[in-house]
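Architecture at a glance
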Amino acid sequence: MFFNALSAAAPDPIMALSSLCQQDARPSKLDLGIGVYRNEAGNTPIFEAVKMAEQTLLHQQDSKAYVGMQGNLRFNQAMTTLILGDQQPYDRVRTLQTPGASGALRLLADLIARTQPHATVWLSDPSYTNHEPIFRAAGLKVRHYPYFDLATKQINHHAMMSQFAQLDTSDVVLLHGCCHNPTGADLTFTQWQQVTELALHRGFLPFIDMAYQGFGQSLVQDAKGVRYLTEHVPSYLLASSCSKNFGLYRERVGVAMVAGETETVSDHMLSQLICLARNSYTMSPDHGAAVVAHILNDIALKDNWQNELYTLNQRIRHTRSALRQALETRFDKDFRFIEQHQGMFTMMGLSADSIKRLRTEKAIYLLDNGRLNIAGLTSSQVDHFAESLRSVTEE
Ligand code: LMR
């Protein structure tokens, strides 16, 4: 029969781990795998600004008719400004509302495949676990460039630049705009400038994934490197998400942004994206984008949202410091890197055995690649985590 030859698809490592943790009956369990922020009570709250915007929408919205192929234009404009700032000209920038950054990544991958099916997409080693499957699903070749040095817990800048120096116009380089997933190790501004130079010199296409703006230094600082690059290169692709910085995970809110060498090329890129979306889901769901558009276009609400985001950011910073301290009192090692890393994640270089023992003996769930979601830890859990780690790494 039609489907009998199908075998079961491999489960997604992040989502599968999260449901494994949900099924774990041990009360002390900790889900430090999936990239979701939790507050001191261990919850992922809805932003107050989001609640207020939703109330307004509930009262004001008078139709559920289609919004339009490009999505919510106020949302697209506000997101473009949020990411690129208000200093650069936008004549070559085109933005499309997408279902989350994953939706944007896939549409942009399909766009690459339409124009250069033999292109190679270069991902950092390591990168977000869903990057490679998305690009492969679009039929593209994927390779990895050196990025994170597990020994120093820093970027292996020299090796990365040497790899970039060998690329050309058939290559696409995926860069994490800030808060690198899964390592937390970000490019410095100088390194962004150097990557920009190489992109100009070698002609490879920069593709930015910006999923955590505001979770590192600040909304503006986190975008500094991206703004520099996008101001200087003739063409780029960018995927961004409102899952984390607006806490709208399940609403699937994001944008795909493109810039071509001329306005006409940019128009063609956008029209192809719209066509790709139409071929698959027609247009993005409205609600989350309408919420974000409302917040970003209302001075008081935007202020509220920024303050709430700052609170999240500060909690993560405190947790990083507390964790560094808790580990340094138990291990004779330097854990400064935990404070240096940005955003939700860090990678400690734990062995596969330690990761497995944390899961089976302590009900502490980290991704198999060792990614630890700092934003999933509350202060009261920091010592428990550090002590558990000591006990599984003892012998
Ligand atoms: C993560 O990295 O854990 C999140 O972005 C969730 C996802 O969609 O994979």
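Our structure's up above, just so we're on the same page.
Notes on the structure follow. What you see is a predicted model; the values in this text were computed from it and never measured.

This paragraph deals with the overall build of the chain. Helix and strand counts for the chain stand at 15 helices and 13 strands. Taking 2.2 N^0.38 as the reference for a compact globule, 395 residues should give roughly 21 Å; the C-alpha atoms of the chain span a radius of gyration of 21 Å, in line with that estimate. On the principal axes, the C-alpha backbone points of the chain span a range of 65 × 60 × 55 Å. In the chain, which comprises 395 residues, the proportion classed as buried is 54%. Long-range pairs, those at least 24 residues apart, make up 75% of the contacts in the chain between residues at least 6 apart in sequence. Entry remark: accessible area of the chain is about 18,000 Å², with carbon and sulfur atoms responsible for 52%.

On to the side chain of Ser127. Take Ser127: it is sitting in the loop between β3 (120–125) and α5 (131–137). According to the relative accessible area criterion, Ser127 is buried, its value standing at 10%. Residues contacting Ser127, with those up to four places away along its chain left out, are His176, Asn181 and Pro182.

Right, let's talk about the pattern of salt bridges for a bit. Considering all chains together, one arrives at 15 salt bridges under this definition. Taking the shortest distance from any N to any O, the salt bridge between Arg38 and Asp31 comes out at 3.9 Å. For Arg324, the salt bridge is made with Glu339, and the minimal N-O distance between the two is 2.5 Å. Linking Arg324 in helix α12 (residues 299–328) with Glu339 in helix α13 (residues 336–340), this pair joins segments that are 15 residues apart in sequence. One network of salt bridges, in which partners are shared, links Arg330, Asp383, Glu387 and Arg390.

Residues Phe2, Phe3 and Leu6 make up a contiguous nonpolar surface patch of roughly 450 Å² in combined accessible area. With respect to the helices, strands and loops of the structure, Phe3 is situated in the segment before α1 (13–23).

To continue, consider the nonpolar core. Core analysis: the biggest nonpolar cluster contains 99 residues, and Phe164, Trp305, Met348 and Phe385 have the highest contact counts within it. With eight residues, α12 is the single largest residue contributor to this core. Composition of this core by domain shows at least three residues from each of domain 1 (13–46 + 301–394) and domain 2 (66–297). Once you skip the residues sitting within four places of it in the chain, Met348 turns out to touch Lys153, Leu327, Phe335, Phe337, Ile338, Gly370, Leu372, Phe385 and Leu389. Within the second largest apolar cluster, 30 residues are counted, among which are Ile112, Ala138, Ala239 and Met269.

A few words now on the sheet that holds strand β4 (residues 141–146). The strands making up a sheet are joined through hydrogen bonds of the backbone, oriented either antiparallel or parallel. Read across the open sheet, the seven strands follow the order β2-β10-β9-β8-β7-β3-β4; overall the sheet is mixed. At either end of the open sheet lies a strand with only one pairing partner, and these are β2 (93–98) and β4. The sheet shows a mean angle of 25° between the axes of neighbouring strands, taken without regard to direction. Bridge count between strand β7 (residues 171–176) and strand β8 (residues 205–210): five bridges; the pairing is parallel.

Side chains three or four residues apart in an α-helix point the same way, a direct result of the helix having 3.6 residues per turn. Among the residues of helix α6 (residues 157–164), those classed as buried are His157, Met160, Met161, Gln163 and Phe164. Around the axis of α6, the buried residues are gathered within 160° of arc, so they sit on the same side. Elements in contact with the buried residues of α6: β3, β4, β6 (154–155), β7 and α7 (189–202).

Neighbouring the ligand are Ile14, Met15, Ile34, Gly35, Tyr128, Asn181, Tyr212, Lys244 and Arg371. A distance of 2.7 Å is found between an oxygen atom of the ligand and a side-chain nitrogen or oxygen belonging to Tyr128. Between the ligand and the protein, one listed contact pairs an oxygen atom with a side-chain N or O atom of Lys244 at 2.8 Å. Contact with the protein chains removes 83% of the 260 Å² of surface that the ligand exposes when unbound. Considered class by class, the residues forming the shell around the ligand number five nonpolar, two polar and two charged. When residues of the shell around the ligand are assigned to domains, at least three map to each of domain 1 (13–46 + 301–394) and domain 2 (66–297).

Tracing the backbone shows Asp31 in strand β1 (residues 30–31). A distance of 3.3 Å separates polar atoms of two side chains, one belonging to Asp31 and the other to Ser18. The residues touching Asp31, leaving out its near neighbours within four places in the chain, are Ser18, Cys21, Arg38 and Tyr365.

Rules of the game
- Residues numbered from 1 in each chain as written.
- Predicted model: local features only at pLDDT ≥ 70, side-chain atom pairs only at ≥ 80, totals over all residues.
- Heavy atoms only, no water.
- Helix = DSSP H or I, 4+ residues; strand = E, 2+ residues; numbered from the N terminus.
- Rg over C-alpha atoms; globule rule 2.2 N^0.38 Å.
- Buried < 20%, exposed > 50% of the residue type's maximum accessible area, 1.4 Å probe, protein only.
- Contact = heavy atoms within 4.5 Å.
- Areas by Shrake-Rupley, 256 points an atom, 1.4 Å probe, with all protein chains shown as cover.
- Salt bridge = Lys/Arg side-chain N within 4 Å of Asp/Glu carboxyl O.
- Patch = residues over 30% accessible without salt bridge, like charges linked within 9 Å, V, L, I, M, F, W, Y side chains within 5 Å.
- Core = buried A, V, L, I, M, F, W, Y, C linked by side-chain atoms within 4.5 Å.
- Domains from an automatic or database assignment.
- Pairing = 2+ DSSP bridges.
- Axes fitted to C-alpha atoms, helices over the stretch in contact; angles between N-to-C directions.
- Arc of directions from axis to C-beta.
- Near = heavy atom within 4 Å.
- Polar contact = N/O pair within 3.5 Å; in protein donor to acceptor, adjacent residues only side chain to side chain.
- Nonpolar A, V, L, I, M, F, W, Y, C, P; charged D, E, K, R; others polar.

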